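# Breakdown of the fold
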Amino acid sequence: MLAELLRKAARSPSGGNVQPWKIYVVNGESMDRFQAFIAERDIEEPGYDIYPPGLWEPHRTTRFELGEQMYALLGIERDDRAGRIERMMDNYGFFGAPAAIFCFLDRRMLPPQWSDCGMFLQTLMLLCEEAGLATCPQEIWTNRSQAVTDFVGAPEELMLFCGMAIGHKDEDHPVNTLRSERLPLESFAHWI
Ligand SMILES: Cc1cc2nc3c(=O)[nH]c(=O)nc-3n(C[C@H](O)[C@H](O)[C@H](O)COP(=O)(O)O)c2cc1C
């Protein structure tokens, strides 16, 4: 099923049809091995900055509010630092999902090819949704990119962009009731 979804996702457009995405799939037995492997590895220096330093408005607030909405649903208070860190660490267990992919691309690729990878990932997420699967893209894995690289055996010229948890949505989990907000059309679209 995953192979078919990935094959279809590769119909995503990419500038010049460069197709920069390099995907490593972890599931079943390799997921068990991966979990044991990653538990022995420390958090690293990130492979890239996830957000620009000093993120500005309105993005700073949308990011902040999403976190607050999520922690409120989970009953984790603002001053519960340990609870928040614990929740963040759930990322590294793929939130319990049985399968995952890691998306790499060649370090020599440029912003347009990173964007192409985003399109690939979005297409894959939509195809998963159609197939009854749920996903969570995870750039947090850049904080463990060497460990992931070592585990999957990716060549050093490849750089990890993100992981993606793939599994079945837990309909009863409060976090899955979160409907993230969006800025109004007028704030990002300009009619000239
Ligand atoms: C490239 C990318 C990386 C992301 N990384 C993470 C992550 O590391 N952990 C996480 O919990 N969510 C991650 N997300 C999920 C976003 O926080 C989420 O998509 C966003 O808040 C909008 O919410 P929605 O997808 O429910 O509409 C990521 C999303 C994208 C597109």
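As a reminder, the structure under discussion sits directly above these lines.
In this report, we go over the structure that sits alongside the text. (Residues numbered from 1 in each chain as written. Predicted model: local features only at pLDDT ≥ 70, side-chain atom pairs only at ≥ 80, totals over all residues. Heavy atoms only, no water.)

## Observations concerning a nonpolar patch on the surface
Note the following rule: For patch detection, residues must exceed 30% relative accessible area and be free of salt bridges, and they are connected within 9 Å for like charges or within 5 Å for nonpolar side chains (Val, Leu, Ile, Met, Phe, Trp, Tyr). Computed with the Shrake-Rupley method and a 1.4 Å probe, the accessible areas treat only the protein chains shown as cover for residues. Salt bridge, as used here, is a side-chain nitrogen of Lys or Arg placed within 4 Å of a carboxyl oxygen of Asp or Glu. Working definition: with a 1.4 Å probe on protein chains only, accessible area under 20% of the residue-type maximum means buried, over 50% means exposed, and in between means partly exposed.
A cluster of nonpolar residues, Ile-43, Ile-85, Met-88 and Met-89, forms a patch on the protein surface that exposes about 310 Å² of accessible area. Residue Ile-85 is classed as partly exposed on the basis of its relative accessible area, which comes to 36%.

## Brief notes about the site of the ligand
Heads up, the condition is: For this description, a residue counts as near a given molecule or strand if any of its non-hydrogen atoms is within 4 Å of it. In protein, a polar contact means a hydrogen-donor-capable atom and an acceptor-capable atom, both N or O and within 3.5 Å, with residues adjacent in sequence counting only if both atoms are side-chain atoms; elsewhere, any N or O pair within 3.5 Å suffices. Only Asp, Glu, Lys and Arg are considered charged in this grouping, and only Ala, Val, Leu, Ile, Met, Phe, Trp, Tyr, Cys and Pro are considered nonpolar; every other residue, Gly among them, is considered polar.
In the neighbourhood of the ligand, the contacting residues comprise Leu-66, Asn-91, Phe-95, Cys-136, Pro-137, Gln-138, Glu-139, Ile-140, Ser-180 and Arg-182. A distance of 3.1 Å separates a nitrogen atom of the ligand from a polar backbone atom of Pro-137. Ser-180 is positioned such that a nitrogen or oxygen atom in its side chain is 2.8 Å from an oxygen atom of the ligand. In isolation the ligand exposes 620 Å². Once the protein is present, 56% of that is buried. A breakdown of the residues in the shell around the ligand according to their chemical character gives 5 nonpolar, 3 polar and 2 charged.

## Some points on the environment of Thr-177
Definition in use: Every helix listed is a DSSP run of H or I at least four residues long, and every strand listed is a run of E at least two residues long, numbered separately from the N terminus.
When you line up the elements, Thr-177 lands in the loop between strand 4 (158–167) and helix 7 (185–188). The sequence separation of Thr-177 and Trp-114 amounts to 63 residues, and the corresponding C-alpha distance is 30 Å.

## Digging into the nonpolar core
The condition that has to hold: Side-chain atoms within 4.5 Å are what join buried Ala, Val, Leu, Ile, Met, Phe, Trp, Tyr and Cys residues into a set we call a nonpolar core.
If you look at the biggest cluster of nonpolar residues, it comprises 23 residues, and the most contacted ones within it are Leu-5, Phe-120, Leu-121, Leu-124, Phe-161, Met-164 and Ile-166. Every element with two or more residues in this core is listed here: helix 1 (2–9), strand 2 (99–106), helix 5 (111–130) and strand 4. Here the element with the most residues in this core is helix 5; it accounts for 7 residues. Counting residues in each nonpolar core, the second largest holds 20 residues, with Met-31, Ile-140, Val-148 and Leu-160 among its members.

## A few points about the sheet that holds strand 3 (residues 134–138)
The condition that has to hold: Whether two strands pair comes down to DSSP finding at least two bridges between them. A fitted line through C-alpha atoms serves as each axis, taken over the contacting stretch for helices, and the angle formed by two N-to-C directions is quoted from 0 to 180°.
With respect to topology, 4 strands assemble into an open sheet ordered 1-2-4-3, the strand pairing being antiparallel. Two strands close off the open sheet at either side, each with one partner strand: strand 1 (22–27) and strand 3. Across the sheet, the axes of successive neighbouring strands diverge by a mean angle of 20°, strand direction being ignored. As paired strands, strand 2 and strand 4 are joined by 8 bridges and run antiparallel to one another. By the bridge assignment, Cys-103 is partnered in strand 4 with Cys-162.

## As for helix 4 (residues 81–89)
Put simply, the rule reads: Within this analysis, the arc is defined by the directions that extend from the helix axis to the C-beta atoms. Contact criterion: two residues are considered in contact whenever any of their non-hydrogen atoms come within 4.5 Å of each other.
For helix 4, every residue scored as buried is listed here: Gly-83, Arg-84 and Arg-87. Buried residues of helix 4, viewed axially, fall in a sector of 100°; they line one side. In helix 4, those exposed residues whose orientation departs by more than 90 degrees from the buried face are Arg-81, Ala-82 and Glu-86. Those residues of helix 4 that are buried are in contact with helix 3 (59–73).

## Focus: the packing of aromatic side chains
For clarity, the cut-off: Any two of the Phe, Tyr and Trp rings considered here, Trp counted by its six-membered ring, make a pair once their centres fall within 6.5 Å; the pair's planes then place it as stacked at under 30 degrees, edge-to-face at over 60, or tilted in between. Think of it as a cone above the ring: NZ of Lys or CZ of Arg counts as a charge over the ring if it is within 6 Å of the ring centre and within 35 degrees of the ring normal.
With the rule as written, the count across this model stands at 14 aromatic pairs. Three or more aromatic residues joined by ring pairs make a cluster, and in this case those are Phe-34, Phe-37, Tyr-92, Phe-94, Phe-102, Trp-141 and Phe-151. We note Arg-144 situated over the ring of Tyr-92; from NZ or CZ to the ring centre the distance is 4.4 Å.

## Details of the side chain of Asn-143
As for its position among the elements, Asn-143 is in the loop between strand 3 and helix 6 (145–152). Excluding anything up to four places from it in sequence, Asn-143 contacts Ile-43, Glu-44, Pro-46 and Tyr-92.

## Re the environment of Arg-78
Position of Arg-78 relative to the elements: it lies in the loop between helix 3 and helix 4. Residues Arg-78 and Gly-67 lie 11 residues apart in sequence; the distance between their C-alpha atoms is 10.0 Å. Those residues in contact with Arg-78 that sit more than four places away from it in its chain are Phe-64, Glu-68 and Arg-84. For Arg-78, the side chain forms a polar contact with the side chain of Glu-68, separated by 3.3 Å.

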